[in-house]
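Examination of the molecular architecture
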Amino acid sequence: MNRRVFLHPRVALVAATMSAAVLSGIVTAQQAPPQQPNFDAINVRSFKVQDNVYMLAGAGGNVTMQFGNDGVLVVDTQFAQMADKLLAEIARLSGNKPIRYVINTHVHPDHVGGNERFRRAGRAIVAGNVAGDVRGNEGATVIAHETVAARMSQQDGTTPPAPGGAIPTETFFGESDEVFFNGEAVRLIHQPAAHTDGDVMVFFRKSDVIATGDVYVNTSYPVIDTARGGTINGIIAGLNRIIEITVPRDKQEGGTMVIPGHGRIADEADVVEYRDMVTIIRDRVRDMMKKGMTLQQIKAAGPTSDYDGRYGATSGFWTTDNFVEAVYRTLGGK
Ligand SMILES: [Zn+2]
Ligand SMILES: [Zn+2]
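Residues numbered from 1 in each chain as written. Chains lettered and ligands numbered in written order. Predicted model: local features only at pLDDT ≥ 70, side-chain atom pairs only at ≥ 80, totals over all residues. Heavy atoms only, no water.

1. Examining the overall build of the protein
Looking only at helices and strands, the protein features 10 helices and 14 strands. Residue burial in the protein is summarised as follows: out of 334 residues, 51% are buried. Across the protein, contacts joining residues at least 24 apart in sequence account for 67% of those joining residues at least 6 apart. Total accessible area computed for the protein in this model is approximately 15,100 Å², and 52% of it derives from carbon and sulfur atoms. (Helix = DSSP H or I, 4+ residues; strand = E, 2+ residues; numbered from the N terminus. Buried < 20%, exposed > 50% of the residue type's maximum accessible area, 1.4 Å probe, protein only. Contact = heavy atoms within 4.5 Å. Areas by Shrake-Rupley, 256 points an atom, 1.4 Å probe, with all protein chains shown as cover.)

2. Here's the deal with the sheet that holds strand β8 (residues 170-172)
Strands sit in the order β1-β8-β7-β6-β5-β4-β3-β2 across an open sheet of 8 strands; the sheet is mixed. Strand pairing shows two members of the sheet lacking a second neighbour, β1 (3-5) and β2 (45-50), which therefore form its edges. Strand-to-strand, the axes of this sheet are offset by a mean angle of 25°, without reference to chain direction. Looking at chain direction, strand β3 (residues 53-57) and strand β4 (residues 63-68) are connected through 4 bridges and run antiparallel. Considered in β4, the bridge of Leu 56 is made with Val 63. The strands that helix α2 (residues 83-94) touches are β2, β3, β4, β5 (71-75) and β6 (99-103); relative to β4, the one it contacts most, it runs at about 30°. (Pairing = 2+ DSSP bridges. Axes fitted to C-alpha atoms, helices over the stretch in contact; angles between N-to-C directions.)

3. Some words on the nonpolar core
Tyr 216, Leu 239, Ile 242, Tyr 274, Val 278 and Phe 323 are the most contacted members of the largest nonpolar core, which has 36 residues in total. Among the elements of the structure, β11 (199-204), α6 (232-245), α7 (268-290), α8 (295-301) and α10 (320-330) are those that each provide at least two residues to this core. Leaving out residues up to four positions away in the same chain, Leu 239 has contacts with Val 215, Tyr 216, Val 271, Tyr 274, Arg 275 and Val 278. (Core = buried A, V, L, I, M, F, W, Y, C linked by side-chain atoms within 4.5 Å.)

4. Focus on the coordination of the zinc ion (ligand 1)
For the zinc ion (ligand 1), the protein coordination sphere consists of His 111 (NE2), Asp 214 (OD) and His 262 (NE2), at 2.0 to 2.1 Å. Taken in sequence order, the residues that donate to the zinc ion (ligand 1) follow the motif H-x102-D-x47-H. (Donors = N, O, S within 2.8 Å, 3.2 Å for Na, K, Ca; no water.)

5. Structural notes on α6
In this model, α6 (14 residues) spans 20 Å end to end at C-alpha, consistent with the 20 Å of a helix rising 1.5 Å per residue. Burial in α6 covers these residues: Ile 232, Gly 234, Ile 235, Ile 236, Gly 238, Leu 239, Ile 242, Ile 243 and Ile 245. (Expected span 1.5 Å × (residues − 1).)

6. What to know about the packing of α6 against α7
At a closest axis distance of 10 Å, the pairing of α6 and α7 adopts a crossing angle of 155°. Viewed along their axes, α6 and α7 adopt a mutual orientation that is roughly antiparallel. Crossing of α6 against α7: the hand is left-handed. When α6 is examined against α7, the residues Ile 232, Asn 233, Ile 235, Ile 236, Leu 239, Asn 240, Ile 242 and Ile 243 are found in contact with a partner set consisting of Glu 268, Val 271, Val 272, Tyr 274, Arg 275, Val 278, Thr 279 and Arg 282. (Parallel < 35°, antiparallel > 145°, perpendicular 65-115°, else oblique. Left-handed = near helix turned anticlockwise from the far one by under 90°.)

7. Thoughts on the environment of Asp 276
Take Asp 276: it is sitting in helix α7. A C-alpha to C-alpha distance of 9.5 Å links Asp 276 and Leu 239, two positions 37 residues apart in sequence.

8. Considering the confidence of the model for the protein
Taken residue by residue, the protein gives an average pLDDT of 90. The fraction at 70 or more is 87%. Counting contacts from residues 10-33, a segment whose pLDDT is below 50, to residues more than four positions away or on other chains yields 18 contacts. (pLDDT = per-residue confidence, 0-100.)

9. Notes on unusual backbone geometry
Backbone geometry at Gln 78 places phi at a positive 50°, although glycine is not the residue there. Mapped onto the secondary structure, Gln 78 falls in the loop between β5 and α2. One non-glycine residue with positive phi stands out, namely Asn 182, at about 55°. A relative accessible area of 17% places Asn 182 in the buried class.

Structure representation (structure tokens):
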């Protein structure tokens, strides 16, 4: 286990943060404000996935919860504005058990926005050999890949530093980490350079459920945050990793269930179909690049056209054009 207590580098970063904030002010002025969901109108819906693992949908990324005698483990926290509704539903489903762990799949605000509320609502396990004891019982233990905590601690593009209470309390920097909780091994799998540079997928080994974060979504083409280290080849490697881990559903037995970052609960067959689609588009763009076509020519040639009906978008924050451009750029296109 490569986990360590995260030391907030806030003080050392003050100077760097200030100059980044000035730069970011210029960038922000040129961009349209991001769309904010109407939080008051959105209710939390929960779905039993398998055993004591549930998926909660509201605004932002899907939330996964696993619960039992040890308490509750939560993957992702949506937006801060959803925290009251999510915490109420988690308390209802678990019978008011304390939240012990929060795991963040990546840095985006629709997945970490509720961190502070969730942490304060919870209680770390202080007995036994669980890491984090040295911090005392300040709330739930919040675990993420180290790049997530580092990015949240400082100005990150147009995103301001997160309040100290929202920043993960423990980070890991290797390929994987694990937590044993409620009689179940929970594996945290780092997928390098996929949706971002800090993606973690969470595999509940006994319940046979994997929460993928935004490495896999089934509502759109893959979102590739190129400013934060995302790449098309990392996305495809991540989808292949999910397919390696999952076991298909048998006629009698349930197979591995997949909770995507956004969208509906899926299984291996859904991920295979999606992986094939993304791989075909990547290969088409790569072939067009080899022929010397420019980004404009590639977009005009419509390398996604047969899939646009299901996954495409011409407006919103992640259009088909955004996707094709991210594929092109992360394959080395200029
Ligand atoms: Zn997301
Ligand atoms: Zn994301």
